[in-house]
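Close look at the chain arrangement
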Amino acid sequence: MRVGLRVNGTFHEVDVEPRALLVHVLRGLGYRSVRVGCDTATCGACTVLIDGRPAKSCNLLAVQVDGAEIVTAEHADGLLERLRKSFNAHHAAQCGYCTSGMLMAAYALLSRRERPSEDEVREHMAGVLCRCTGYQNIVRAVVEA
Amino acid sequence: MRLVGRPIPRVEDARILRGRATYLDDIEPPGTLHAGFVRSPYPHARVLRVDMSDALSDPRVIAGYTSLPGPPMAPGGKVRFQGEAVAMLVAVDRYALADALERVVVDYEPLPHVVDPAKALEEGAPLLHEENGSNVAHTARYGSPDAAGAAAPRVLEGELRVQRVVPAAMEPRGVVAAYDGHTLTVWSSTQVPYDVRKEVAGALGLPLSRVRAVQPDVGGAFGSKLIVYPEEVWVAAAAYLLGRPVKWVATRSEDFRATTHGRDMGLAFRVGFDGSGRVRSLWGRITCDVGAYHWGEGLSDIAARMLTGPYDIREAGVEVVDVYTNKTPLGAYRGAGRPEATFFVERIMDMVADELGLDPVEVRRANLVRGLPYTNPFGMTYDTGDYTGTLEAALSRLGYYELLRWADEEWARGRLVGVGLSIYVEVTTFGFETAIVRAEPDGSFTVVTGTTPHGQGVATGIAQIVADELEVPLESVRVVWGDTALVQDGIGTMGSRSITAGGSAALLAARRLREGLKAAAEQLLGSPVQYSGGRFWGPNGEAQIGDVVRAIYRGRASGPLEAYEVYNARSTYPFGVHVAVVEVDPETGHVRPVLYRSYDDAGEIVNPLLAEGQIHGGVLQGVGQALYEEAVYDGEGNLITANLALYGVPTFAEAPRYEVRFAERPHRSEHPTGTKGVGEIGAIAATPAVVRAVEHAVRRVRPGARATSTPLTPEKVWMMLRP
Ligand code: FES
Ligand code: FES
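Residues numbered from 1 in each chain as written. Chains lettered and ligands numbered in written order. Predicted model: local features only at pLDDT ≥ 70, side-chain atom pairs only at ≥ 80, totals over all residues. Heavy atoms only, no water.

**Here we look at the packing of helix 2 (residues 78-89) of chain A against helix 3 (residues 99-112) of chain A**
Residue and element names in this part refer to chain A. Two elements in contact, helix 2 and helix 3, have axes whose closest approach is 10 Å; the angle formed by their N-to-C orientations is 125°. In terms of orientation, helix 2 lies oblique with respect to helix 3. Judged by the sense of rotation from one axis to the other, the crossing of helix 2 with helix 3 is right-handed. Across the interface between the two elements, Leu79, Leu80, Leu83 and Phe87 of helix 2 pack against Thr99, Met102, Leu103, Met104, Ala106, Tyr107, Leu110 and Ser111 of helix 3. (Axes fitted to C-alpha atoms, helices over the stretch in contact; angles between N-to-C directions. Helix = DSSP H or I, 4+ residues; strand = E, 2+ residues; numbered from the N terminus. Parallel < 35°, antiparallel > 145°, perpendicular 65-115°, else oblique. Left-handed = near helix turned anticlockwise from the far one by under 90°. Contact = heavy atoms within 4.5 Å.)

**Describing the interface of chain B and chain A**
When the parts come together, some accessible area is lost, and that loss is often what is quoted as the size of the interface. Taken together, the 57 residues of chain B in the interface contact 48 residues of chain A. Buried area between chain B and chain A, summed over both chains or domains, comes out near 4200 Å², and the portion from carbon and sulfur atoms is 54%. Three residues stand out in chain B for area buried against chain A, namely B:Leu17, B:Tyr95 and B:Phe652, and they jointly supply 23% of the buried area on that side. The interface formed by chain B and chain A contains six salt bridges. Of the charged contacts in the structure, one is a salt bridge between B:Asp26 and A:Arg35, with a shortest N-O distance of 2.7 Å. Linking chain B with chain A are 30 residue pairs in polar contact (both at pLDDT 80 or more), by the criterion used here. If you list the elements that add at least two residues to the side of chain B that touches chain A, you get helix 1 (13-17), helix 3 (94-102), helix 7 (252-258), helix 16 (608-627) and strand 28 (657-662) of chain B. The greatest single-element share of the side of chain B that touches chain A, amounting to eight residues, is contributed by helix 16 of chain B. Residues of the side of chain B that touches chain A, tallied by class, amount to 29 nonpolar, 14 polar and 14 charged. (Buried area = accessible area lost by both parts, 1.4 Å probe. Salt bridge = Lys/Arg side-chain N within 4 Å of Asp/Glu carboxyl O. Polar contact = N/O pair within 3.5 Å; in protein donor to acceptor, adjacent residues only side chain to side chain. Nonpolar A, V, L, I, M, F, W, Y, C, P; charged D, E, K, R; others polar.)

**With respect to unusual backbone geometry**
Residue and element names in this part refer to chain B. Following Leu372, the chain continues into Pro373 via a peptide bond in cis, with omega recorded as 0°. Within the secondary structure layout, Pro373 lies in the loop between helix 10 (360-367) and strand 16 (374-375). A cis amide bond, omega 0°, links Thr710 with the succeeding residue Pro711. Here Pro711 lies in the loop between helix 17 (681-701) and helix 18 (714-721). The backbone of Ala74 sits at a positive phi, close to 45°, despite the residue not being glycine. Summarising the element assignment, Ala74 is placed in the loop between strand 3 (61-65) and strand 4 (78-79). The exposure class assigned to Ala74 is buried, which follows from its relative accessible area of 9%. Even without glycine at this site, Ala336 takes up a positive phi of about 40°. (Buried < 20%, exposed > 50% of the residue type's maximum accessible area, 1.4 Å probe, protein only.)

**What to know about a negative patch on the surface**
Taken together, the side chains of A:Glu118, A:Asp119, A:Glu123 and A:Glu144 present a region of like negative charge at the surface. Secondary-structure assignment places A:Glu144 in the segment after helix 5 (136-143). (Patch = residues over 30% accessible without salt bridge, like charges linked within 9 Å, V, L, I, M, F, W, Y side chains within 5 Å. Areas by Shrake-Rupley, 256 points an atom, 1.4 Å probe, with all protein chains shown as cover. Lys, Arg positive; Asp, Glu negative; His and termini not counted. Charge placed at Lys NZ, Arg CZ, Asp CG, Glu CD.)

**Remarks on the domain arrangement of chain A**
Residue and element names in this part refer to chain A. Domains assigned within chain A are domain 1 (2-71) and domain 2 (78-144). One C-alpha centre belongs to domain 1, the other to domain 2, and the line joining them spans 21 Å. Each side of the interface is counted separately: domain 1 has 15 residues, and domain 2 has ten residues. When the two sides are added together, the surface that domain 1 and domain 2 hide from each other amounts to roughly 990 Å², 65% of it contributed by carbon and sulfur. Considering only the side of domain 1, the residues that lose the most area to domain 2 are Arg35, Thr47 and Leu49, jointly responsible for 36% of the buried surface there. Across the domain 1-domain 2 interface, the total number found is zero salt bridges. Counting every contact that joins domain 1 to domain 2 gives four residue pairs in polar contact (both at pLDDT 80 or more). In terms of residue count, the dominant contributor to the side of domain 1 that touches domain 2 is strand 3 (residues 47-50) (three residues). Considered class by class, the residues forming the side of domain 1 that touches domain 2 number seven nonpolar, six polar and two charged. (Domains from an automatic or database assignment.)

**Some points on helix 11 (residues 387-398) of chain B**
Residues and elements named next belong to chain B. The end-to-end C-alpha distance of helix 11 is 16 Å, a good match for the 16 Å that twelve residues give at a rise of 1.5 Å each. When helix 11 is considered as a whole, its buried residues turn out to be Tyr387, Thr388, Thr390, Leu391, Ala393, Ala394, Leu395 and Leu398. Buried residues in helix 11 make contact with helix 10, strand 17 (381-382), helix 12 (400-412), strand 18 (417-425), strand 26 (575-584) and strand 27 (591-601). (Expected span 1.5 Å × (residues − 1).)

**Some details on the packing of helix 2 of chain A against helix 5 of chain A**
Residue and element names in this part refer to chain A. Two numbers describe how helix 2 lies on helix 5: the axes approach to 8 Å, and their chain directions differ by 140°. Relative to helix 5, helix 2 is oriented oblique. Where helix 2 crosses over helix 5, the handedness of that crossing is right-handed. Each of Leu83, Ser86 and Phe87 in helix 2 lies in contact with helix 5, whose residues at this interface are Ile138, Ala141 and Val142. Within the contact of helix 2 with helix 5, the residues separate by chemical class into five nonpolar, one polar and no charged.

**Observations regarding the sheet that holds strand 11 (residues 211-214) of chain B**
Residues and elements named next belong to chain B. Overall, mixed pairing links the seven strands, which are arranged 3-5-1-12-9-10-11 in an open sheet. Each end of this open sheet is capped by a strand with a single partner; those strands are strand 3 and strand 11. Within the sheet, the average angular offset between the axes of one strand and its neighbour, ignoring direction, is 20°. Here four bridges tie strand 10 (residues 184-188) to strand 11, and the two strands are oriented parallel to one another. By the bridge assignment for strand 11, Thr185 is matched with Arg212. In the packing of helix 3 onto the sheet, contacts are made with strand 1 (33-39), strand 3, strand 5 (85-91) and strand 12 (246-249), and the angle to strand 1 comes to roughly 25°. Together, strand 1, strand 3, strand 5, strand 9 (174-179), strand 10 and strand 12 form the strand contacts of helix 6 (residues 230-242), whose direction differs from that of strand 9 by roughly 25°. (Pairing = 2+ DSSP bridges.)

**Digging into the pattern of salt bridges**
Close approach of charged atoms lets side chains of opposite charge pair. All names here are of chain B. Considering all chains together, one arrives at 76 salt bridges over all chains under this definition. Here Asp264 and Arg164 are joined by a salt bridge, their closest N and O atoms 2.6 Å apart. Linking Asp264 in strand 13 (residues 262-273) with Arg164 in strand 8 (residues 154-165), this pair joins segments that are 100 residues apart in sequence. The class of Asp264 is buried, set by a relative accessible area of 2%. You can call Arg164 buried: its relative accessible area is 3%. Measuring nitrogen to oxygen at the nearest pair gives 2.7 Å for the salt bridge that ties Asp483 to Arg212.

Set out below in structure tokens:
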């Protein structure tokens with residue numbers, strides 16, 4: 001089936017199997033920041049923005065999001081650059097496997113809320129797991145981005 | 001200004017933060033085929049027949065194997081744990097592969113199985129390895145087990161248990177291999193590329209020169225990627241035989257069964273002490289459930305040899321029994337033996353204090369080792385430190401007694417909070433490590449480290465060390481790793497050894513290169529010279545270090561352009577005191593970690609920002625061990641906590657606030673870096689501190705309640721709260 005996706009501003013038209021997961025299609029298009037960490041839609045490593053809202057791309061078929069605007073961690077804009085600087089300054093990434101998902105979840109939060117509290121960050125980002133950092137530095141990085 | 005000691009943000013972040021890191025699944029040479037495994041649903045079964053004909057009739061399926069060079073699949077015609085591989089298929093893509101795996105028919109003859117190590121030791125228990133004659137995988141004795149516990153005024157006996165957990169690095173294991181007719185390249189999500197190379201070359205009968213192993217970015221490991229797994233060899237063999245690139249990436253559910261689990265040790269103990277809390281003797285027997293194969297050798301031995309912890313217990317002995325059961329093999333997991341030893345001895349100290357009605361800190365103080373170096377009853381020599389002095393400093397920095405008073409006040413207001421303290425000494429660092437420091441033609445430097453970092457920030461730490469030694473800016477030093485085309489031998493990142501062993505190797509290599517460049521500068525300038533800040537100078541003039549390097553590159557001076565260093569690192573012993581604060585919901589038994597404070601003497605700290613990050617992450621794994629995580633097998637031998645939806649990796653909601661401190665005047669190790677290692681401290685110290693904190697809270701309601709095993713699930717805590 002043919003699906004049209006706008007990813008980080010670039011339009012792609014692709015032929016996909018109806019059962020193809022969005023995460024696999026995005027990775028196949030070269031958006032490798034979108035990671036697979038589980039098979040139960042639990043870990044959030046595959047989080048992208050779909051029409052501005054965070055979504056787990058392993059839990060969607062590509063055909064379900066035909067025509068969508070998608071943002072991945074390869075994207076570059078002012079807010080993402082601020083987040084990147086803050087993640088670096090606060091040592092919020094260790095192995096980095098969760099980091100794309102964390103950046104996307106944080107981006108979604110900060111897009112609609114300028115100065116979230118620590119508790120809001122923890123609650124909003126709870127869908128992304130990290131095994132390395134213990135989370136505190138990620139919270140700080142988002143609060144102080 | 002010295003770079004070592006400063007909280008410098010990581011230099012390796014740029015790729016990760018732009019989504020450009022390259023993990024194993026991001027590597028896909030053109031024409032890559034996808035491999036997958038048919039895995040046993042049974043914990044123990046004879047494999048009667050594997051019929052791949054239906055799967056192979058699909059043109060998208062390229063090959064199927066029930067044996068390949070390397071370890072045997074289903075050795076001796078049996079599978080011994082749920083998830084053990086029986087056959088491997090290779091298909092054109094993941095989706096075709098998933099279809100084909102469903103079409104393989106395997107006839108199993110289920111065999112009686114055993115998942116309880118005590119039952120596995122009973123007469124008549126089903127045997128995993130018949131040729132072994134029993135399910136005993138290994139036994140050892142340390143100290144004097146027969147003498148220990150003879151005569152003491154008071155004696156306490158008991159049993160303690162640390163559950164089996166899943167390391168659950170966020171990136172599952174995987175491997176890609178490609179053969180170009182001459183070189184076989186193997187990319188693996190591993191901590192040990194050197195071992196991968198050796199095992200693959202050995203299995204295929206290739207000289208090492210024709211096998212290259214690459215460790216790409218690795219999404220966490222925590223010890224679970226430090227052995228060479230059968231899949232790594234089989235996938236490489238298939239790529240070699242097919243002459244086409246082959247990739248295997250585990251699904252999460254597959255990874256939960258096919259990647260080693262951690263911990264899973266029980267201790268039976270008898271402790272003798274006097275009325276002041278001084279421990280006279282300690283006897284222990286550690287039973288370790290190693291699962292189906294003995295892949296994690298030495299874990300229980302380390303636990304045994306660290307069982308007396310930081311305490312001077314002269315009469316001590318431990319027996320160790322490793323037992324086979326029909327479970328995923330046990331392996332190293334952050335701390336590997338020391339978390340278990342620390343949990344055991346800290347629980348014992350708390351129990352002795354409780355028996356005598358003494359302050360647990362008082363009992364610990366009475367027993368702490370005084371005067372280092374100190375050799376414990378099992379031959380482990382703690383190198384440097386001042387344990388009693390560090391304890392006193394820690395108590396005030398951590399505000400331990402203030403927290404206890406605060407907990408009293410909170411209880412008066414009806415809030416059930418608890419405070420727990422743990423003390424640990426642990427052993428880090430072993431073996432040799434390699435480093436190459438190379439001068440580039442423009443006077444910048446490339447360091448190749450034999451360590452294999454995967455999130456710790458070792459590249460930044462080593463760059464700081466080398467830049468200091470060469471007196472050049474941090475930006476002039478780049479650190480690379482993880483490719484046997486860059487460095488042919490090393491051990492890798494594990495056992496909190498990277499900065500100490502790898503950093504020392506790099507420091508010594510830099511020193512040697514600097515000396516060599518100095519000699520070259522003397523030739524160039526025709527006089528003895530001095531060096532500082534990147535500049536050589538003498539009576540006849542001066543030269544920048546880059547000028548000297550260029551002169552060597554162009555043959556105008558002779559001298560070394562690189563130095564290769566092999567550093568043999570003896571073990572060293574961090575020590576510290578940690579305090580956990582938890583809140584217990586008396587209605588549900590749910591425990592919420594609130595605050596976590598640590599005070600560690602881990603020698604020199606190269607980069608406090610990164611060291612703190614190591615403590616945070618390790619602590620949360622220790623918290624998970626204490627409260628949330630467990631690999632549970634049911635009576636049928638099914639792993640029922642089989643994926644991230646069913647297994648409790650802590651989330652944002654479960655993470656406490658961390659307040660990390662390092663000793664103001666640390667005791668250096670003997671190594672050139674003076675470091676002792678920080679990677680595993682959190683995972684070692686946190687579990688006993690959290691468990692004591694829960695006990696402290698619960699005792700407001702149920703005096704005398706005692707926790708002897710982890711995890712303290714809401715159910716268990718609820719039971720503790722009830723009469
Ligand atoms: S891959 Fe884990 S939630 Fe999508
Ligand atoms: S940094 Fe490794 S999983 Fe988050």
